[in-house]
Amino acid sequence: MIHKFEQKGYHIVLDVNSGAVHVADKLLFLLLDYVKPPLFELPEEARENLDGYTEEEIREALREILELYRLGQLFSPDDYGVYAENMILSPIKAMCLNVSHDCNLRCEYCFAGKGDYEQGRAVMDAETGKAAIDFLIGHSKDRQNLEVDFFGGEPLLNFDVVREVVAYARSKEKEHGKRFRFTVTTNGLLLDDDKTDYINAEMENVVLSLDGRRDVNDRVRQRVNGSGSYDAVLPKFQKLVSKRGGKDYYVRGTFTKYNMDFSADVEALSRLGFDQISMEPVVAPPDMPYALSDRDLPRIFDEYEKLGSMLVNAKRAGEGYNFFHFMLDLDQGPCVIKRLRGCGCGNEYVAVTPDGGIYPCHQFIGHDGWRMGSVHDGSLDTEMKEMFSKISVYQKDECRTCWAKFYCSGGCSANNMCCEGDVRKPVKLTCDLEKKRVECAITMKAELMEDSPIVV
C-alpha cells in the first residue's frame, strides 16, 4: 500500500508497510497512479496524460520505481498481520493514579465531569495509593521500568498523598528491582515554590494545562467562581519550566470551535518561553457548542499547514519549538506492537480511582461495565485485559485499508467507546485530523532536509 499527496510544492510518497517516505519528482508521482507491481508496465491509455515527458524520461522513472520496489521501499508487503494474530497479554507497566476526583477549575469541555467523573468528589488516601503501587509491582513481572502518572481532577489538591506514594514507591525499588518514573498533570493553580521544587526533583515529566491566549483559555478554563485562570497560572508555569533543568515537560492545550485559529495559541505559548507544546482537538458530543464537526475540517487543515510553516520557519531561524502532534520519528518510529495497538490501555496500562477501582484508562472511569477490579483485593478482570491485548488495527475494519494506521494505531479506545460505542470503531473526525497531522509532519521533514528520497 502506498499513499501519495502534494503539499507546499512537494510530491510525497509514503510506502505504508515499510515506512519509507520519498520526495518524488512530478513524473514519478504521476506514474504511480498507473503502474502496479511487480512488472510496472505503463498502460497505453496513461500516456495521453503524460504529455510533455519524453519516452526516455518515462522509462527512467519506471526504472526508479522498480528499483525502489526491489529495495522494499515501495509497494512493500504487509508483514504486520502475523504479529497482530499472535499478540499476547503483557505485564502491566504503567498506571494512571487518580489521586483526586475533585478540581479547582470547571473547564467547559472537561471529559471528567469537571473533576469528579460523575462519581462524586473524592480524594485518594495514602493506603490506597500504596496498594496501587503494590498492585503495579505485582503485575509488572520482569518489567524493570514502571510509570505512574498522578492525575485528577487536580492532583495538587491531594499533594501530600502524592509525596507519600512517591516515597513508598522509591522504598520498594531496590527490593523488587524496579525503577519508577513519575509524571504529574496539573492546572497550576496550587503551584508554589515548594511544590515546584518537588515536582522538578521527582517527576520525569510534567503536563501543564493551558489553552494558549488569555481570552481563549479563560473562556473555557474557569475557576469555581467563574473567574479566569490564565493570569494565576502562567507565571507559575513559567517559573516551573525555568527551573526544570532540561527535564521533560509540555504545555497541553485544547482547541475547540471557539479557537480554530489555534496556531495563534501555539505561537503565543512559544513567545511566553514554552518550547514543548501540544494543542489537542476537543473530543465532545456533537451537540456541544464547542464541539468540532466535519464542516470544520477545511479550516482546521489550513491551520495545521499554517502551523507547520511556522515551525519550519522557527527552526530555520534557530528558534525552534516542538509541537507534539508533529513529532513523528520518521527515522525509527515506534515498535511493531505499539504501531498495531497504540497505548496499551487495559493491557499494559490501567487507571486507579480514589476508592481503588481499576479501569482500562482514566477516560473509561465513570462508564458502566468497564471496572476491571480493585487494588485492595488484587482482583483483575483478566478476560477484559485479554480483550484489550488483542485489539489492533487489524481488528478494525476502517483501519485495515487506511494508510495512516501505523501512526495512530487505530485511535484512542476510550474515544472510540465514548463516540461510537465500540472500542474497535475509530472516530472518523479524529481519523481525518490524524491523517492531516501526519501529512504535515512529513512535509515539514521534507522542507528541513536537503536530500531525497527520504528513506526511513
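Let us look at the structure shown here. (Residues numbered from 1 in each chain as written. Predicted model: local features only at pLDDT ≥ 70, side-chain atom pairs only at ≥ 80, totals over all residues. Heavy atoms only, no water.)

Focus on the overall build of the protein chain
- Across its full length, the protein chain holds 16 helices and 16 strands.
- Over its C-alpha trace the protein chain gives a radius of gyration of 24 Å, about what one expects of a compact globule, namely 23 Å for 456 residues.
- Considered along the principal axes of its C-alpha atoms, the protein chain spans approximately 75 × 50 × 45 Å.
- A fraction of 70% describes how many contacts in the protein chain between residues 6 or more apart in sequence connect residues 24 or more apart.
- Counting only carbon and sulfur atoms, one obtains 47% of the accessible surface of the protein chain, whose full area is about 20,500 Å².
- A gap of 3 Å separates the mean positions of the 57 positive and 75 negative side-chain charges of the protein chain. (Helix = DSSP H or I, 4+ residues; strand = E, 2+ residues; numbered from the N terminus. Rg over C-alpha atoms; globule rule 2.2 N^0.38 Å. Contact = heavy atoms within 4.5 Å. Areas by Shrake-Rupley, 256 points an atom, 1.4 Å probe, with all protein chains shown as cover. Lys, Arg positive; Asp, Glu negative; His and termini not counted. Charge placed at Lys NZ, Arg CZ, Asp CG, Glu CD.)

Re the nonpolar core
- Counting 100 residues, the largest nonpolar core has Leu 97, Phe 150, Met 203 and Phe 364 as its most contacted members.
- Top contributing element to this core by residue count: helix H10 (residues 297–316), with 8 residues.
- Setting aside chain neighbours within four positions, we find Phe 364 in contact with Cys 345, Tyr 359, Trp 370, Phe 388, Ser 413, Ala 414, Met 417 and Val 423. (Core = buried A, V, L, I, M, F, W, Y, C linked by side-chain atoms within 4.5 Å. Buried < 20%, exposed > 50% of the residue type's maximum accessible area, 1.4 Å probe, protein only.)

Points about the pattern of salt bridges
- Applying the stated criterion to the full structure yields 32 salt bridges.
- Residue Glu 447 pairs with Lys 8 through a salt bridge whose shortest N-O separation is 3.7 Å. On the criterion of sequence distance, the pair formed by Glu 447 in helix H16 (residues 428–448) and Lys 8 in the loop between strand S1 (2–7) and strand S2 (10–15) is long-range, its members being 439 residues apart.
- Salt-bridge contacts for Asp 261 lead to Arg 213; the nearest nitrogen and oxygen are separated by 2.9 Å. One end of the pair, Asp 261, is in the loop between strand S10 (250–255) and helix H9 (263–271); the other, Arg 213, is in the loop between strand S9 (203–209) and helix H7 (214–220), with 48 residues separating them in the sequence.
- A relative accessible area of 22% means that Arg 213 is categorised as partly exposed.
- One salt-bridge network, held together by shared partners, links Glu 44, Arg 47, Glu 55, Glu 56, Arg 59, Glu 60 and Arg 63. (Salt bridge = Lys/Arg side-chain N within 4 Å of Asp/Glu carboxyl O.)

Side note on the environment of Asp 125
- Counting through the fold element by element, Asp 125 comes out in the loop between strand S6 (122–123) and helix H4 (126–139).
- Between the C-alpha atom of Asp 125 and that of Val 165, which follows or precedes it by 40 residues, the distance is 9.6 Å.
- A polar contact is formed between the side chain of Asp 125 and the backbone nitrogen of Glu 127, at a distance of 3.3 Å. (Polar contact = N/O pair within 3.5 Å; in protein donor to acceptor, adjacent residues only side chain to side chain.)

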